[in-house]
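If you want the building blocks of each chain, they are given just below.
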Amino acid sequence: MDLSLAGKRALVCGASSGIGLACAQQLALLGCAVTLAARREAALAEAVAGLHAAPGAAHSRLVVDLSDPRAAEHAARTALDAGPVHILINNTGGPPEGAALANSADDYAAAFQAHFLSARALVHALVPGMRAARFGRIINILSTSVKAPIPTLSISNTIRAGVAAWAKTLSIELGPDQITVNNVLPGFTDTDRLRDLQGAWASQQKLTVDDLRQRQLATIPMRRFGHADEIAAAVAFLASPAASYISGINLPVDGGRLPVL
């Protein structure tokens with residue numbers, strides 16, 4: 001099975017920590033040259049320094065606020081200065097929590113800009129190089145809410161589903177160019193984002209955080225939370241030559257928690 005990404009370049013968003021950093025690490029292990037993009041310069045510098053460096057694979061970093069579509073496009077153009085980018089990992093922090101009727105129109109609009117319009121800007125900038133190379137991988141890190149909405153995450157449920165529909169449309173349009181477009185749907189993954197949400201949910205339900213976590217674990221057949229590197233392993237496979245005929249899918253990585261196919 002061909003998993004080698006030697007000679008390929010990737011742009012990984014939200015790569016200073018968590019799932020984004022884990023994705024960058026896995027791609028680097030497969031021989032890819034990786035550009036890490038995020039807001040925190042010190043964390044990015046440390047992350048880049050810790051990446052495996054395959055022969056000829058030079059890693060780099062971009063300090064950027066990817067919630068701004070214009071900044072996202074500029075970041076993509078900057079990454080292209082060193083040559084075509086073959087792999088794009090769209091990964092951003094989740095939208096704020098809240099019930100559907102509690103969130104304002106401005107809340108939804110801000111999330112649409114940060115999670116869809118920025119992703120669109122990146123794709124529009126990078127696809128020409130992928131087409132020229134006849135190799136491209138666009139992978140969106142979304143959520144299992146694409147298949148089963150999560151209570152109190154109404155903005156995320158809405159925007160993530162919209163991005164998934166856009167990605168499916170892209171997969172049809174870009175298929176003739178040998179560019180695949182897929183979505184990875186993490187379940188409950190032990191990250192700062194999940195711990196923040198657990199604190200809010202525990203407070204709302206008048207539970208201790210530990211009690212809430214135990215209730216969540218009971219809904220997962222594997223009886224544990226996922227790890228960022230487990231999400232990243234799925235991403236790295238989809239980015240590899242071995243996944244050349246997989247496109248337009250939503251891949252849950254959730255320990256079997258989703259109640260629907």
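Residues numbered from 1 in each chain as written. Predicted model: local features only at pLDDT ≥ 70, side-chain atom pairs only at ≥ 80, totals over all residues. Heavy atoms only, no water.

Peer 1: I'd like a description of the sheet that holds strand E7 (residues 250-253), backed by residues and values.
Peer 2: Where strands meet in a sheet, backbone hydrogen bonds hold them as pairs that are either parallel or antiparallel. Taken in spatial order, the seven strands of this open sheet run E3-E2-E1-E4-E5-E6-E7, and their pairing is parallel. Lying at the two open borders of the sheet, with one neighbouring strand each, are strand E3 (60-63) and E7. Sheet twist, expressed as the mean angle between neighbouring strand axes with direction ignored, is 20°. Of the strand pairs in this sheet, strand E5 (residues 136-141) and strand E6 (residues 179-186) are connected by six bridges, and their pairing is parallel. Pairing of Ile 141 across the sheet is with Val 184, part of E6. Sitting on the sheet, helix H1 (residues 18-29) is in contact with strand E1 (9-13), strand E2 (33-38), strand E4 (87-90), E5 and E6, with an inclination near 170° to E1. Of the strands in this sheet, E5, E6 and E7 touch helix H5 (residues 154-174), which is tilted by about 155° from E6. (Pairing = 2+ DSSP bridges. Helix = DSSP H or I, 4+ residues; strand = E, 2+ residues; numbered from the N terminus. Axes fitted to C-alpha atoms, helices over the stretch in contact; angles between N-to-C directions. Contact = heavy atoms within 4.5 Å.)

Peer 1: Would you mind going over the environment of Leu 174 in detail, with residue names and values included?
Peer 2: Counting through the fold element by element, Leu 174 comes out in helix H5. Put simply, Leu 174 and Ala 42 are 132 residues apart on the chain and 36 Å apart in space, counted from C-alpha to C-alpha. Those residues in contact with Leu 174 that sit more than four places away from it in its chain are Val 127, Arg 131, Ile 138, Ile 179 and Val 181.

Peer 1: Summarise the packing of aromatic side chains; cite the residues concerned and give the values.
Peer 2: Each aromatic ring pair is specified by the distance between its two centres and by the angle formed by the two planes. Across all of its chains, the model carries four aromatic pairs by this definition. The interplanar angle of 85° and the centroid separation of 5.2 Å between the aromatic rings of Phe 116 and Trp 166 together place this pair among those described as edge-to-face. Highlighted residues: Phe 116 in helix H4 (residues 105-133) and Trp 166 in helix H5, separated in sequence by 50 residues. An angle of 80° between the planes, with centres 6.4 Å apart, marks the rings of Phe 188 and Phe 225 as edge-to-face. Of this pair, Phe 188 sits in the loop between E6 and helix H6 (192-204) while Phe 225 sits in the loop between helix H7 (209-218) and helix H8 (228-239), and the two are 37 residues apart along the sequence. Taking relative accessible area as the criterion, Phe 225 reaches 8% and is therefore assigned buried. Within the aromatic cluster, the residues linked to one another by ring pairs are Phe 112, Phe 116 and Trp 166. (Phe/Tyr/Trp six-rings, centres within 6.5 Å; stacked < 30°, edge-to-face > 60°. Buried < 20%, exposed > 50% of the residue type's maximum accessible area, 1.4 Å probe, protein only.)

Peer 1: Describe empty space enclosed by the protein, listing the residues and the values that go with them.
Peer 2: To find leftover empty space, one rolls a probe the size of a water molecule over the atoms. All told, the structure shown has one cavity of 30 Å³ or more when counted by the stated rule. Taken as a whole, the largest cavity holds about 140 Å³ of empty space. If you trace the largest cavity, you find 16 residues lining it, with Asn 90, Asn 91, Thr 92, His 115 and Ala 119 closest to the centre. Every element with two or more residues in the lining of the largest cavity is listed here: H4, E5 and H5. (1 Å grid on protein atoms, 1.4 Å probe; cavity = no way out; pocket = protein on both sides within 12 Å on 5 of 7 lines; lining within 4 Å. Points joined across faces, edges and corners; volume = space filled by probe spheres on them.)

Peer 1: Any chance you could break down H4 for me, citing the residues and the numbers?
Peer 2: One turn of the α-helix equals 3.6 residues, which is why residues spaced by three or four share an orientation. Along its 29 residues, H4 runs 41 Å from first to last C-alpha, staying within 8% of the 42 Å computed at 1.5 Å per residue. The largest bend in H4 amounts to roughly 40° and is located at Leu 126, with the proline Pro 128 lying one to four residues further along. Taken from the residues just after H4, Arg 134 is the one with a positive phi, measuring 55°. (Expected span 1.5 Å × (residues − 1). Bend = angle between axes of the 7 residues up to and from the residue.)

Peer 1: Account for the layout of surface pockets, with residues named and values stated.
Peer 2: Within this model, the largest pocket holds a volume of roughly 1,100 Å³. Per-element tally for the lining of the largest pocket: the top contributor is H6, with seven residues. Considering only residue class, the lining of the largest pocket consists of 18 nonpolar, 18 polar and 10 charged. One number sums up the size of the second largest pocket: a volume of about 310 Å³. What lines the second largest pocket is a set of 17 residues, among which Ile 150, Pro 151, Phe 188, Gln 216 and Arg 257 lie closest to the centre. Tallying contributions element by element places H7 first for the lining of the second largest pocket, with three residues. Looking at the lining of the second largest pocket, its residues break down into nine nonpolar, six polar and two charged. (Nonpolar A, V, L, I, M, F, W, Y, C, P; charged D, E, K, R; others polar.)

Peer 1: Account for the pattern of salt bridges, with residues named and values stated.
Peer 2: Going through the model one piece at a time under the given rule, you end up with six salt bridges. Its salt-bridge partner being Arg 131, residue Asp 177 comes within 2.9 Å of it at the nearest N-O pair. Here Arg 131 lies in helix H4 and Asp 177 lies in the loop between H5 and E6, a separation of 46 residues in the sequence. Residue class for Asp 177 comes out buried when judged on its relative accessible area of 16%. (Salt bridge = Lys/Arg side-chain N within 4 Å of Asp/Glu carboxyl O.)

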